[in-house]
Amino acid sequence: MLDSLYQEIILDHYRNPRNFGSIENPQVIARFDNPSCGDEIEVQVVLNDAQCVCEIKFQGRGCAISQASASMMTEAIQGKHVDEVKTLIEGFQGFMMGQDCLEDDFDDLEALEGVRKFPVRIKCATLAWTALSHILKEVKAKE
Amino acid sequence: MNNLALKYRQDFPLLKQEVYGKPLVYLDNAATSQKPTSVLKAVDYYYCNDNANIHRGLYALSERATQAYESVRDKVSKFIGATSSQEIIFTSGTTESINLVAHSWGRKNLSSNDAILLTEMEHHSNLVPWHLLREQIGFQIKFIPVTAEGSLDLSQLEELLKNVKLVSLNHMSNVLGTINDVKKVAELAHQAGALVLVDGAQSVAHMPVDMKVLDCDFYAFSGHKMCAPTGCGVLWAKKNILEEMGPFLGGGEMIHQVFLDHSTYAEVPNRFEAGTMNIAQVVGLGAAIDYLSEIGMDKIFAYEQYLLELATEKLQKIEGLSIFGQAPHKGAVISFLLDQVHPHDLATILDQEGIAIRAGHHCAQPLMRKFDLISTARASFYFYNMPEEIDVLVQGLEKAKEMFAYVR
C-alpha cells in the first residue's frame with residue numbers, strides 16, 4: 001500500500017519540484033494553507049492575452065504528497081486556457097474523490113491515485129489545486 | 001528499572017489489537033491516553049446501576065448518582081493536594097477550565113490598563129481564550145520567551161511581571177516536553193501581585209502534583225489524558241478566589257434563586273457547574289484516579305523518565321534525526337524531525353507499521369513559528385509503553401529514511 005502512495009515519480013517531484021519559486025511580476029497570486037497540519041502553498045501565475053497560462057510557479061512547505069502534487073500541477077496546466085484549467089481542477093478533484101475518468105492531460109498526476117487509499121492525505125494532494133482554483137476565481141472577477 | 005508496562009499493560013484492552021497486521025504501538029499519549037478496564041467498568045456500572053440526574057432527585061437512584069459524582073470531588077482533591085474538595089470544579093476538560101477563568105475571573109479583574117503574561121510555548125487553548133477576552137477588554141498580553149533548547153527564559157521575569165495581573169503557563173509543554181518551574185514562577189508572580197494559572201493538561205497524568213507545594217492560584221487539567229473518559233476535566237482554584245468569581249455558564253444547578261428578571265447564584269463549586277454535568281465521565285475520572293494512585297504517580301514518573309532516556313538515546317543515534325526540545329527537565333514527549341521526510345509522510349509510513357505518532361503543529365503554532373517550523377513528528381509515552389516499542393519506532397524510522405533516500 002505504501003509503495004502505491006510513494007511511487008518513485010512522486011518522490012522525484014518532491015525532491016526536484018518543477019516550477020518551484022516565484023515569478024518576478026506575477027499577475028495573480030493565491031496562498032492557501034491547511035490549518036489542520038500547517039502546510040502552506042503559494043501559486044503564482046501569468047496569463048497571456050489569450051487567457052492561457054504562460055508562466056506558473058509555486059512555493060511553500062509541505063509533505064511529499066502536497067509538494068509533488070503541486071509540482072505535477074504546474075506541469076499539467078502550463079500553456080492551458082483558463083477554461084481548460086478549470087476542467088482540469090474539477091477532473092483532479094473528482095479523481096481524488098474516487099472517479100476514475102482521467103484525461104490525457106493528467107500525465108504524471110495519475111501516480112497520485114494511491115493517495116485515494118489514505119483519506120486523511122487527500123487534502124495534501126489537493127492543497128495546490130485549491131490555491132489554483134482561487135486564482136481562477138480572481139481571474140474571473142477581474143474580467 | 002521497575003517495568004510498569006509488564007504489570008499494567010494488560011489492563012488496557014485497546015492495546016491488544018493489531019493495525020495493518022502489526023501490533024499496535026500507541027505513542028500519541030500527549031493527545032489522549034487509553035483507558036484501563038477498571039475505568040470502562042466504572043462507567044458501565046454507573047449506567048447499569050446508578051444513572052440518574054444528580055443533586056435534585058429525592059430518590060435512592062439520584063442519591064447514589066450524586067454520591068458517586070461528589071465522591072470524585074474528594075478523590076481529585078486528595079490526588080492533587082487541594083485544601084478542600086470545594087476547590088474542585090468539574091469541567092469538560094482543560095480548554096473549558098481555562099475559558100472559565102478567562103470569563104469568570106478575567107472579565108471581573110482585568111481592564112485595558114492591565115497586562116497578562118503567557119509563554120511562547122503555550123497550547124492554543126492557553127492563547128485563544130485570552131485573545132478572545134482581549135477583544136472585549138483590551139489588555140496587554142506579554143510572553144515569557146523560550147530558549148533555543150526549549151526552556152522558559154526566566155531571566156527577565158521580574159521585569160516582565162510589571163503591571164501583570166495574571167500569569168498563565170503550562171506545567172509541561174505538549175511539544176517540547178519541557179517541565180516548567182511553575183513554583184518559581186508563582187513565587188515571583190505573587191511577589192509582583194499577580195495570580196498564576198497553570199495548564200496541567202500534560203503534567204497531572206504523568207507526575208505527582210501538589211497544589212500546596214506549587215502554590216499557584218488556578219490549575220486546569222483534563223481527564224482523558226489520565227486514563228479517564230473524554231468530556232471530563234477539572235479546574236482547581238483557591239477557595240477565596242473562587243468565591244469572588246461570578247458564574248461561567250448560566251443554567252440549572254448553578255443558581256440559588258431565579259426570578260423572571262434576575263437570578264442569584266449558588267455557592268462554590270456548584271456556581272460553576274451549570275446544567276447536567278458529564279456525570280458518567282466524572283465517575284470514570286474517579287476510577288482513573290484510583291487506578292493511577294494504586295500504581296503510584298512517583299513510580300509512573302520514574303518509569304516514564306526511563307522510557308524518555310532510552311528513546312532519546314536511541315533516536316539520537318539515527319542519522320539525520322534531530323530532537324526539538326532539549327530542556328534538562330522533560331517529560332516523556334519527544335518532538336523530532338527527520339531529514340528529507342516530512343512529518344506527515346513519516347506518520348503515514350509509521351502507521352503502516354502499526355505505530356501511532358502525532359505529526360503537525362500540535363496546536364502550538366506560535367512556538368513552531370518561532371523556530372521556523374510548520375510541523376514536527378511527536379512520540380509521547382505513557383506507563384503502559386514497553387521499552388521494546390521504542391525499537392519498533394526506530395525500525396519504522398529507518399524504513400522511512402530508506403524509502404525517501406535518494407536512489408543514485
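Cut-offs and rules
Residues numbered from 1 in each chain as written. Chains lettered and ligands numbered in written order. Predicted model: local features only at pLDDT ≥ 70, side-chain atom pairs only at ≥ 80, totals over all residues. Heavy atoms only, no water. Helix = DSSP H or I, 4+ residues; strand = E, 2+ residues; numbered from the N terminus. Buried < 20%, exposed > 50% of the residue type's maximum accessible area, 1.4 Å probe, protein only. Contact = heavy atoms within 4.5 Å. Areas by Shrake-Rupley, 256 points an atom, 1.4 Å probe, with all protein chains shown as cover. Lys, Arg positive; Asp, Glu negative; His and termini not counted. Charge placed at Lys NZ, Arg CZ, Asp CG, Glu CD. Domains from an automatic or database assignment. Buried area = accessible area lost by both parts, 1.4 Å probe. Salt bridge = Lys/Arg side-chain N within 4 Å of Asp/Glu carboxyl O. Polar contact = N/O pair within 3.5 Å; in protein donor to acceptor, adjacent residues only side chain to side chain. Pairing = 2+ DSSP bridges. Axes fitted to C-alpha atoms, helices over the stretch in contact; angles between N-to-C directions. 1 Å grid on protein atoms, 1.4 Å probe; cavity = no way out; pocket = protein on both sides within 12 Å on 5 of 7 lines; lining within 4 Å. Points joined across faces, edges and corners; volume = space filled by probe spheres on them. Nonpolar A, V, L, I, M, F, W, Y, C, P; charged D, E, K, R; others polar. Parallel < 35°, antiparallel > 145°, perpendicular 65-115°, else oblique. Left-handed = near helix turned anticlockwise from the far one by under 90°.

Q: Give a description of the overall build of chain A that names residues and reports values.
A: Secondary structure assignment for chain A yields five helices and three strands. Sequence-ordered secondary structure for chain A, helices as α and strands as β, is α-α-β-β-β-α-α-α. Here chain A, with 143 residues, has 52% of them falling under the buried criterion. Across chain A, contacts joining residues at least 24 apart in sequence account for 61% of those joining residues at least 6 apart. Total accessible area on chain A stands at roughly 6,600 Å², and carbon and sulfur atoms take up 48% of it. Of the side chains in chain A, 14 bear a positive and 24 a negative charge, and the two mean positions are spaced by 6 Å.

Q: Describe the domain arrangement of chain B, naming the residues involved and giving the relevant values.
A: All names here are of chain B. You can read the domains of chain B as domain 1 (4-31 + 296-407) and domain 2 (40-294). Averaged C-alpha coordinates put domain 1 and domain 2 at centres separated by 28 Å. Interface of domain 1 and domain 2: buried area, both sides summed, is about 2,800 Å²; carbon and sulfur atoms make up 60% of it. By the criterion of area lost to domain 2, the three top residues of domain 1 are Met297, Leu367 and Tyr382, representing 21% of everything that side buries.

Q: Lay out the interface of chain A and chain B with the relevant residues and their values.
A: Taken together, the contacts link 22 residues of chain A with 21 residues of chain B. For the pair chain A and chain B, the two sides together bury roughly 1,700 Å², of which 57% comes from carbon and sulfur. Among the residues of chain A in contact with chain B, Leu2(A), Arg15(A) and Arg61(A) are the three that bury the most area, contributing 34% of the side total. Summed over the shared surface of chain A and chain B, the result is two salt bridges. A salt bridge links Arg61(A) to Asp372(B); its shortest N-O distance comes to 3.4 Å. Inspection of the chain A/chain B interface yields eleven residue pairs in polar contact (both at pLDDT 80 or more). Of all the secondary structure elements, the ones that give two or more residues to the side of chain A that touches chain B are helix H1 (2-5), helix H2 (8-15) and helix H3 (64-77) of chain A. With four residues, H2(A) is the largest single contributor of residues to the side of chain A that touches chain B.

Q: Quick one: what's the story with the sheet that holds strand S14 (residues 333-338) of chain B, residue by residue and with numbers?
A: Residue and element names in this part refer to chain B. The four strands lie next to each other as S13-S14-S17-S16, forming an open sheet whose pairing is antiparallel. Every other strand in the sheet has two partners, leaving strand S13 (321-324) and strand S16 (358-360) as the edge strands with one partner each. Adjacent strand axes in the sheet meet at a mean angle of 35°, parallel and antiparallel pairs treated alike. Two strands pair when backbone bridges link them, and S16 and strand S17 (residues 376-380) are joined in this way by three bridges, in the antiparallel orientation. When the bridges of S17 are listed, arginine 358 appears paired with arginine 378.

Q: Quick one: what's the story with the sheet that holds strand S3 (residues 53-61) of chain A, residue by residue and with numbers?
A: Residues and elements named next belong to chain A. The strand order S1-S2-S3 describes an open sheet built from three strands, whose pairing is antiparallel. A single partner strand is all that each edge strand has here, and the edge strands are strand S1 (28-33) and S3. For this sheet, the mean angle separating the axes of adjacent strands, direction not counted, is 15°. Contacts from H3 reach strand S2 (40-47) and S3, with the element oriented near 175° to S3.

Q: Summarise the layout of surface pockets; cite the residues concerned and give the values.
A: Empty space among the atoms becomes visible once a probe the size of a water molecule is rolled across them. Looking at the largest pocket, its volume works out to about 630 Å³. Surrounding the largest pocket, 25 residues form its lining, Val120(A), Arg121(A), His344(B), Ala347(B) and Ala359(B) being those nearest its centre. Every element with two or more residues in the lining of the largest pocket is listed here: helix H5 (122-142) of chain A together with helix H12 (343-351), strand S15 (355-356) and S16 of chain B. Ranked by the residues each element gives to the lining of the largest pocket, the list is headed by H12(B), at four residues. Volume-wise, the second largest pocket comes out at about 370 Å³. Forming the walls of the second largest pocket are 18 residues, and the residues nearest its centre are Tyr14(A), Arg61(A), Leu337(B), His342(B) and Pro343(B). Within the residue set of the lining of the second largest pocket, elements represented by two or more residues are S3 of chain A together with S14 of chain B. Here the residues of the lining of the second largest pocket are counted per class, giving nine nonpolar, six polar and three charged.

Q: I'd like a description of the packing of helix H4 (residues 82-96) of chain A against H5(A), backed by residues and values.
A: Residues and elements named next belong to chain A. Between H4 and H5, whose axes approach to 10 Å, the crossing angle comes to 155°. For the element pair H4 / H5, the angle class is roughly antiparallel. Along this stretch, H4 crosses H5, giving a crossing that reads as left-handed. Mapping the contact onto sequence places Val82, Asp83, Val85, Lys86, Leu88, Ile89, Phe92 and Met96 in H4 and Ile122, Ala125, Thr126, Trp129, Leu132, Ser133, Leu136, Val139 and Lys140 in H5. In terms of residue class, the contact of H4 with H5 is made up of twelve nonpolar, two polar and three charged.

Q: Could you give an account of the side chain of Asn126(B), naming the residues involved and the relevant values?
A: Residues and elements named next belong to chain B. Within the secondary structure, asparagine 126 is located in the loop between strand S5 (115-119) and helix H5 (128-137). Among the residues examined, asparagine 126 registers a relative accessible area of 0% and is labelled buried. Within the structure, asparagine 126 has its side chain in polar contact with the side chain of serine 168 (distance 2.8 Å). In this structure asparagine 126 touches Ile98, Leu118, Ser168, Leu169, Asn170 and Asp199, once residues within four positions along its chain are discounted.

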